[in-house]
Amino acid sequence: MSQNSPIRILVIHGPNLNLLGTRQPEIYGRTTLADINALLRRRAQDAGAKLDSVQSNVEGEIVTHIQNAATRYEAIVINPAAYTHTSIAIRDAIEAVGLPTVEVHLSNVHAREPFRHTSVTAAKCLGQICGFGAQSYSLGLDAALAHVKGLRSSNQEPIS
Ligand code: DQA
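Please read these numbers as outputs of a predicted model, since none were measured by experiment.

About the cut-offs
Residues numbered from 1 in each chain as written. Predicted model: local features only at pLDDT ≥ 70, side-chain atom pairs only at ≥ 80, totals over all residues. Heavy atoms only, no water. Helix = DSSP H or I, 4+ residues; strand = E, 2+ residues; numbered from the N terminus. Rg over C-alpha atoms; globule rule 2.2 N^0.38 Å. Buried < 20%, exposed > 50% of the residue type's maximum accessible area, 1.4 Å probe, protein only. Contact = heavy atoms within 4.5 Å. Areas by Shrake-Rupley, 256 points an atom, 1.4 Å probe, with all protein chains shown as cover. Lys, Arg positive; Asp, Glu negative; His and termini not counted. Charge placed at Lys NZ, Arg CZ, Asp CG, Glu CD. 1 Å grid on protein atoms, 1.4 Å probe; cavity = no way out; pocket = protein on both sides within 12 Å on 5 of 7 lines; lining within 4 Å. Points joined across faces, edges and corners; volume = space filled by probe spheres on them. Nonpolar A, V, L, I, M, F, W, Y, C, P; charged D, E, K, R; others polar. Near = heavy atom within 4 Å. Polar contact = N/O pair within 3.5 Å; in protein donor to acceptor, adjacent residues only side chain to side chain. Sits in = over half its atoms within 2 Å of the grid points. pLDDT = per-residue confidence, 0-100. Salt bridge = Lys/Arg side-chain N within 4 Å of Asp/Glu carboxyl O. Core = buried A, V, L, I, M, F, W, Y, C linked by side-chain atoms within 4.5 Å.

1. Notes on the overall build of the protein chain
Counting its secondary structure elements, the protein chain contains five helices and five strands. Traced from its N-terminal end to its C-terminal end, the protein chain shows the element sequence β-α-α-β-α-β-α-β-β-α. In summary, the protein chain has a C-alpha radius of gyration of 15 Å against a globular reference of 15 Å for 160 residues, a match within 12%. The dimensions of the protein chain, computed from C-alpha atoms along their principal axes, are 55 × 30 × 25 Å. Within the span of the protein chain, comprising 160 residues, buried residues form 43% of the whole. Looking at the protein chain alone, contacts between residues at least 24 apart form 78% of all its contacts between residues at least 6 apart. In the structure as shown, the protein chain presents an accessible area of about 8,000 Å², 51% of it carried by carbon and sulfur atoms. Counting 14 positive and 13 negative side-chain charges, the protein chain places the averaged centre of each group 4 Å from the other.

2. Observations concerning empty space enclosed by the protein
A water-sized probe, rolled over the atoms, reveals where empty space remains. All chains considered together, the criterion is met by one cavity of 30 Å³ or more. In this structure, the largest cavity occupies an estimated 130 Å³ of space. A breakdown of the residues in the lining of the largest cavity according to their chemical character gives seven nonpolar, four polar and three charged.

3. Side note on the site of the ligand
Around the ligand lies a shell formed by Arg-23, Tyr-28, Asn-79, Ala-81, Ala-82, His-85, His-105, Leu-106, Ser-107, Val-109 and Arg-116. With respect to the ligand, the side chain of Arg-23 contributes an N or O atom lying 3.0 Å from an oxygen atom. Residue His-85 places a side-chain N or O atom 2.7 Å away from an oxygen atom belonging to the ligand. According to the grid-proximity analysis, the pocket containing the ligand is the largest cavity. Partitioning the shell around the ligand into residue classes produces five nonpolar, four polar and two charged.

4. Section: the confidence of the model for the protein chain
Looking at the protein chain as a whole, the pLDDT averages 96, with 97% of positions reaching at least 70. When mean pLDDT is taken per element in the protein chain, strand β3 (residues 75-79) scores highest with 99 and helix α1 (residues 25-28) scores lowest with 95.

5. With respect to the pattern of salt bridges
In this structure the tally under the stated criterion is six salt bridges. Between Asp-142 and Arg-43 there is a salt bridge, with its nearest N and O atoms 2.7 Å apart. Within this pair, whereas Asp-142 is found in helix α5 (residues 135-155), its partner Arg-43 is found in helix α2 (residues 33-46), the two being separated by 99 residues in sequence. Of the residues examined, Arg-43 reaches a relative accessible area of 37% and is grouped as partly exposed. Ionic pairing is found between Arg-116 and Glu-113, a salt bridge with its closest N-O pair at 2.7 Å. By relative accessible area, which is 16% here, Arg-116 ends up buried. Look at Glu-113 and you get partly exposed, because its relative accessible area is 31%. Taken together, the shared-partner salt bridges in this structure form one network comprising Arg-112, Glu-113 and Arg-116.

6. Description of the nonpolar core
Within the largest apolar cluster, 24 residues are counted, with the highest numbers of intra-cluster contacts made by Ile-9 and Tyr-137. Elements that contribute at least two residues to this core include exactly β1 (8-13), α2, β3, β4 (101-105) and α5. Broken down by element, the residue count for this core peaks at five residues, all from α5. One finds Ile-62, Val-63, Ile-66 and Ala-93 within the second-largest nonpolar core, a separate group that totals 15 residues.

Rendered as structure tokens:
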């Protein structure tokens, strides 16, 4: 990808996030997944970037999305949902592909049941943003964009 081409970001939503809007709104809010995707696409566009999003309820499909991202995207924003707490396969895929990845959660997982306090995936990500509802995604996108911009400028040839 050339230095001047739009930054390409992939957003991956894990299991049950297709139900956003009606799923436990007291925890996850009333914003639908389509709303979140539209908001992110606009935000990316405003920043001169391009954004695609995918959702899957299937662990292996999420692994494949991460693998396929390697040649097409410069960063990933991922909400692995319940797989956050269990999926070594998703963790390994993030590590193997090596794309800068930001983990996001709508809810503050650290303030919920103890089994949600552990993320097996976050250690292979740049960081984790949680607890801000749909805004966790925008903050995650901003972090990913800032990181890629930093990488691009540090890769630029010095002017001689
Ligand atoms: C979630 C938190 C997870 O613990 C849960 O399993 C989800 C959603 C969140 O965005 O707050 O499905 O990732």
